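Reading the structure
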Amino acid sequence: MTSNLHTIRDWLRYAVSRFENSDIFYGHGTDNSYDEAVWLVMSALHLPHDTLDNFLDARLTTTESQHLATLVEKRVTEHTPTAYLVNEAWLRGFKFYVDERVIVPRSFIAELLEDGLQPWVEFPEMVESAADICTGSGCLGVLLAETFPNAHIDVVDISPDAIDVSNINIKRYGLEHQVQAVQSDMFTALKGRKYDVIISNPPYVDAPSMAELPAEYRQEPQLALGSGVAGLDHTHTLLTQAAEYLNDGGILVVEIGHNRDALHDAYPDLPFTWLDTSAGDQFVFMLTKEDLLEAGLQGEPNNAE
């Protein structure tokens, strides 16, 4: 069926046609068949994406064609995310290793780190410690190290598999001296540690949404997606315990998906600052240590639900 496909141009056309004629779901880095095809073909051939025009008419070897045929088939029939097929995902121009042990990185916090979390962090060079809770692949931890070059970074996850993948990405960027992967159920293994900045893109999918996830998302670790009936279990832990781990003047930045209304209902007196992202100001909030303390959130069990 694919024996007449010889060039990258041929394979791109074929992949787009297969994707368009399928029920695959996008959302792990692209939102259309063409971009998905470019990502799969170029990455599978180990070619930089921005060199596509230079290689459109390059002919593939038999082995390369067989490999592409297998990947396209898996994408269409098994709904395997392209990130898993080519073992890579991108955030802010950084390429990260991923596989089925971690969710595919996607976070609005990456956008906010590009600006150094200003104006809430006035001098990025003065940040000495930061943590990424529920880190998954460690990608946001790597971006924290880029944003705050003088900070020690802890990337934290309950999953030993996630810690293994995080260490791959830490090593890939030569950050072993700055970034440490810590296996921990949220803050459990962090007793005594203090941070200037804590970020988290925790599990936040509510129970009804978990039941309706597309097939691609069901291939991700479900532990990293669901967070109780209202999708806020992990966020409750962050809000009730973060003050204990923040230095004075420290900030907590959390992504919560589509749960803003539920969060306001649970914490009507918390002065959330909602941060602007490319998708609007509904998805990421910021609180200071002082905000949390004034609201009485000092490590006590939460009964907001």
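What you are looking at is a predicted structure, and each value in this text was computed from that prediction instead of being measured.

About the cut-offs
- Residues numbered from 1 in each chain as written.
- Predicted model: local features only at pLDDT ≥ 70, side-chain atom pairs only at ≥ 80, totals over all residues.
- Heavy atoms only, no water.
- 1 Å grid on protein atoms, 1.4 Å probe; cavity = no way out; pocket = protein on both sides within 12 Å on 5 of 7 lines; lining within 4 Å.
- Points joined across faces, edges and corners; volume = space filled by probe spheres on them.
- Helix = DSSP H or I, 4+ residues; strand = E, 2+ residues; numbered from the N terminus.
- Nonpolar A, V, L, I, M, F, W, Y, C, P; charged D, E, K, R; others polar.
- Pairing = 2+ DSSP bridges.
- Contact = heavy atoms within 4.5 Å.
- Axes fitted to C-alpha atoms, helices over the stretch in contact; angles between N-to-C directions.
- Buried < 20%, exposed > 50% of the residue type's maximum accessible area, 1.4 Å probe, protein only.
- Right-handed = clockwise from strand over helix to strand, strands pointing away.
- Expected span 1.5 Å × (residues − 1).
- Arc of directions from axis to C-beta.
- Polar contact = N/O pair within 3.5 Å; in protein donor to acceptor, adjacent residues only side chain to side chain.

Once that is clear, we can look at the layout of surface pockets. By volume, the second largest pocket amounts to about 280 Å³. Taken together, the elements giving at least two residues each to the lining of the second largest pocket come down to helix H2 (33-44) and strand S1 (89-91). Partitioned by chemical class, the residues of the lining of the second largest pocket number six nonpolar, five polar and three charged.

The strand order across the open sheet formed by seven strands is S5-S4-S3-S6-S7-S9-S8, and the pairing between neighbours is mixed. The sheet is open, and its two edges are formed by strand S5 (179-183) and strand S8 (273-274), each paired on a single side. Contacts between helix H8 (residues 160-172) and the sheet are confined to strand S4 (152-157) and S5, with S5 contributing the most and set at about 170° to the helix.

Turning to the pairing of S4, a few remarks are in order. Looking down a regular strand, the side chains alternate between one sheet face and the other. The buried fraction of S4 amounts to five of the six residues, a majority that puts the element mostly inside the structure. Pairing of strand S3 (residues 129-133) with S4, which is carried by five bridges, proceeds in the parallel orientation. Paired with Ile133 across the bridge in S4 is Val156. After leaving S3, the chain enters helix H7 (residues 139-147) and then returns to the sheet as S4, a path that is right-handed. By the bridge criterion, five bridges tie S4 to S5 in an arrangement that is parallel. The partner of Val155 across the bridge, within S5, is Ala181. Taken together, S4, H8 and S5 constitute a β-α-β crossover, and its handedness is right-handed.

This next bit is on H8. The end-to-end C-alpha separation of H8 is 19 Å, in line with the 18 Å expected for 13 residues at 1.5 Å each. Regarding H8, the residues found buried are Ala162, Ile163, Val165, Ser166, Asn169 and Ile170. For H8, the arc enclosing every buried residue in end-on projection is 165°, short of the 170-degree limit, so these residues lie on one face. Residues of H8 that are buried sit in contact with strand S2 (94-96), H7, S4 and S5. Where H8 begins, the capping side chain belongs to Ser159, and its oxygen is found 3.2 Å from the backbone nitrogen of Asp161. Backbone geometry just after H8 places Gly174 at a positive phi near 60°.

Purely geometric stuff here, so don't read any function into it on its own.
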